[in-house]
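Geometric and topological summary
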Amino acid sequence: MHTKTPITVAYGDGIGPEIMQATLDVIMAGGAQLDLDIIDIGEKVYLSGEVAGIQPSSWDSLRRTKVFLKAPITTPQGGGFKSLNVTTRTTLGLYANVRPCVSYDPFIRTKHPGMNVIIVRENEEDVYGGIEYRQTQQMAECLRLISRPGTERIVRFAFEYARRNNRKKVTCFAKDNIMKITDGLFHRIFDEIAGQYADLEHEFWIVDIGAAKLADTPQAFDVVVLPNLYGDILSDVAAQIAGSVGLAGSANIGDMCSMFEAIHGSAPRRAGQNVANPSGLMQGAILMLVHIGQSDVASRVQNAWLKTIEDGIHTYDIYKEGVSRQKVGTKEFAAAVIARLGQQPGTLPAAHYAAADEWKAPPLERPRSERKVMVGVDVYVEWNDGKPQDLGSRLRQVGGATLELDTIFNRGTIVWPSGLPETFCTDHWRARFLATNGKALEHGDIVTLLTKVNDAGFDCIKTENLYTFDGVPGYSSAEAQ
Ligand code: NAD
């Protein structure tokens, strides 16, 4: 008998309350030992003026229980509201998003029989910081952040997950042929960490062709680890091609806290009709039970759920004439699962989750700090008064003994000193100044340059310092464009 684990529960919006009740009924009947702390999140809270959709007092519950079972919420239309999911993930340090995408053929129609892929998505970095700027009349910018510790944590998590769950292979997707520094770091760390898991196969795919292969032949993949944005998109693709987004759950795991949910939304048009499929949230709850050490309960509930699916007792979204036997509502589906507790599936593989999942991330490696030298600066200006040659001759005069104009780019393409008249230019220019004779620069040198840029009448919208690390450029080089 387990001791009771305190968890925080939110019933959410739309179909949320119905599927949460069904899920709790099933896992409690399955023997889950839980002490529930109920909090309000979502539409009501947003509309009461909390821009993140959660009351400040609810964080106390989450910090106390450290485990969050969450139903979907409705994000109100209109601007000004922050994504509750992004806020919860980053505030509680939930760096790993784990989404099993499994097909249940022949009982649920799928184009990919035998699919069983675990998507491990980095959950905190990439473009999700929401660091965006409008810089000129024509240009907007979004910053994409990829860190060494963030990448190490997610990649190691993926390999550990694969090892603990008897998986054979870990695949990484990224686009380092284009984003050589950010995705290049992700790929390099993947290779470094893969070297420490000789018992597991590993492979790397450029994300575009990897995504095509995943959609076409998902059986070729086992565990897939990705940066946040690719993971966001491809985990939905993977869930959908497995059968239905209505069937998948996901776990958001951190070193101290965790959150479990269905992957679908609050389906407001289906709310209050007792028709929604509670399976996605049940799958989330099963991942939670494994995580908190109640693996025996997780296996019992999962096997009863599989048996219900095999018996053709299906909600409207997965009901198919000739395959399904009985179309049921949310409550009846939950009752059917409860009635099968203790039974095993006949055809689908039965679940035997391992005992308590004790893994804690090892301390991050601290690589030797490299010698960082400032060797130049990219100065961004808004300018709409002529051709690149005109801008080049004016900005060349701004340089001096310390910093020289080297290159001008427009949207990443070199337009000065070389360039073609065919290249389309916007009002957003990046002028690269490099230290004369490769000398190390000081910040004062850049301040002096910016004063001159300003005095020459330019609207400088931002600067980006150029550094080398142990002599290796830490910026995309002009030659690589
Ligand atoms: P949705 O996932 O709610 O619905 C998409 C479609 O799937 C609908 O046709 C719906 O009827 C069906 N569907 C979804 N879940 C189902 C279930 N359990 N059983 C049966 N059918 C189901 O996506 P949406 O309509 O784009 O979004 C609705 C709201 O949900 C929006 O406010 C959105 O912001 C929010 N949302 C919340 C979360 C979350 O809380 N994690 C995630 C996604 C969307």
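The present account deals with the structure reproduced in this document. (Residues numbered from 1 in each chain as written. Predicted model: local features only at pLDDT ≥ 70, side-chain atom pairs only at ≥ 80, totals over all residues. Heavy atoms only, no water.)

**Considering the pattern of salt bridges**
Note the threshold: Take a side-chain nitrogen of Lys or Arg and a carboxyl oxygen of Asp or Glu: if they are within 4 Å of each other, that pair is a salt bridge. Here a helix means four or more residues in a row that DSSP labels H or I, a strand means two or more in a row labelled E, and each is numbered from the N terminus. For every residue, the accessible area obtained with a 1.4 Å probe (protein chains only) is divided by the maximum for its type, and the residue is called buried under 20%, exposed over 50%, and partly exposed between those limits.
The full count for this structure, using the stated rule, is 23 salt bridges. Between Glu261 and Lys70 there is a salt bridge, with the nearest N and O atoms lying 3.0 Å from each other. Residue Glu261 is found in strand S12 (residues 258-262), and its partner Lys70 is found in strand S3 (residues 67-70); the two are separated by 191 residues along the sequence. Taken individually, Glu261 and Lys70 each receive the classification buried, so the pair is uniform in this respect. The salt bridge involving Asp208 is made with Lys175; its shortest N-O contact spans 2.8 Å. Taken together, the residues Asp208 in helix H7 (residues 207-216) and Lys175 in the loop between strand S8 (169-174) and helix H6 (182-194) connect sequence positions 33 residues apart. Of the residues examined, Asp208 reaches a relative accessible area of 44% and is grouped as partly exposed. Each of Lys70, Arg89 and Glu261 takes part in a single network of salt bridges with overlapping partners.

**What about the packing of helix H10 (residues 295-310) against helix H11 (residues 330-339)?**
A pair of packed helices is characterised by two quantities: the angle between their axes and the separation of those axes. What counts here: What counts as an axis is a line fitted to C-alpha atoms, over the stretch in contact for a helix, and the angles between N-to-C directions run from 0 to 180 degrees. By convention the crossing between two helices is left-handed if the near helix lies anticlockwise of the far one by an angle smaller than a right angle, and right-handed if it lies clockwise. Residues count as neighbours in contact if any of their non-hydrogen atoms are within 4.5 Å of one another. Only Asp, Glu, Lys and Arg are considered charged, only Ala, Val, Leu, Ile, Met, Phe, Trp, Tyr, Cys and Pro nonpolar, and every remaining residue, Gly among them, polar.
At a minimum axis distance of 8 Å, the contact between H10 and H11 shows a crossing angle of 115 degrees. As for how H10 packs across H11, the hand of that crossing is right-handed. Contacts between H10 and H11 involve Val301, Ala304, Trp305, Thr308 and Ile309 from the former and Phe333, Ala336 and Val337 from the latter. Looking at the contact of H10 with H11 residue by residue, the class counts come to seven nonpolar, one polar and no charged.

**Describing a nonpolar patch on the surface**
Which entries qualify depends on this criterion: Any residue with relative accessible area above 30% and no salt bridge may belong to a patch, with like charges joined within 9 Å and the nonpolar Val, Leu, Ile, Met, Phe, Trp and Tyr side chains within 5 Å. Computed with the Shrake-Rupley method and a 1.4 Å probe, the accessible areas treat only the protein chains shown as cover for residues.
Residues Met28, Leu36 and Ile38 make up a contiguous nonpolar surface patch of about 220 Å² in total accessible area. Its place among the elements puts Leu36 in strand S2 (residues 34-39). Its relative accessible area of 33% is what places Leu36 among the partly exposed residues.

**So, the site of the ligand**
Applied cut-off: Any residue with a non-hydrogen atom lying within 4 Å of a molecule or strand is treated as near it. What qualifies as a polar contact is a pair of N or O atoms within 3.5 Å, subject to a donor-acceptor requirement within protein and to the restriction that residues adjacent in sequence count only when both atoms come from side chains.
Around the ligand, 18 residues are found, and the nearest of them are Ile73, Gly265, Ala267, Asn277 and Tyr316. A distance of 2.7 Å separates an oxygen atom of the ligand from a polar atom in the backbone of Ala267. Here the shell around the ligand is composed, by residue class, of seven nonpolar, seven polar and four charged.

**Considering the pairing of strand S5 (residues 116-122)**
Put simply, the test is: If DSSP finds at least two bridges between two strands, the strands pair.
Most of S5 is tucked away, with six of its seven residues classed as buried. Where strand S4 (residues 96-102) lies against S5, seven bridges are found, and the strand directions are antiparallel. From the neighbouring strand, Pro100 faces S5, where its bridge partner is Ile118. With four bridges connecting them, S5 and strand S10 (residues 223-226) associate as parallel partners. Each residue of the ladder has a partner; that of Ile118, found in S10, is Val223.

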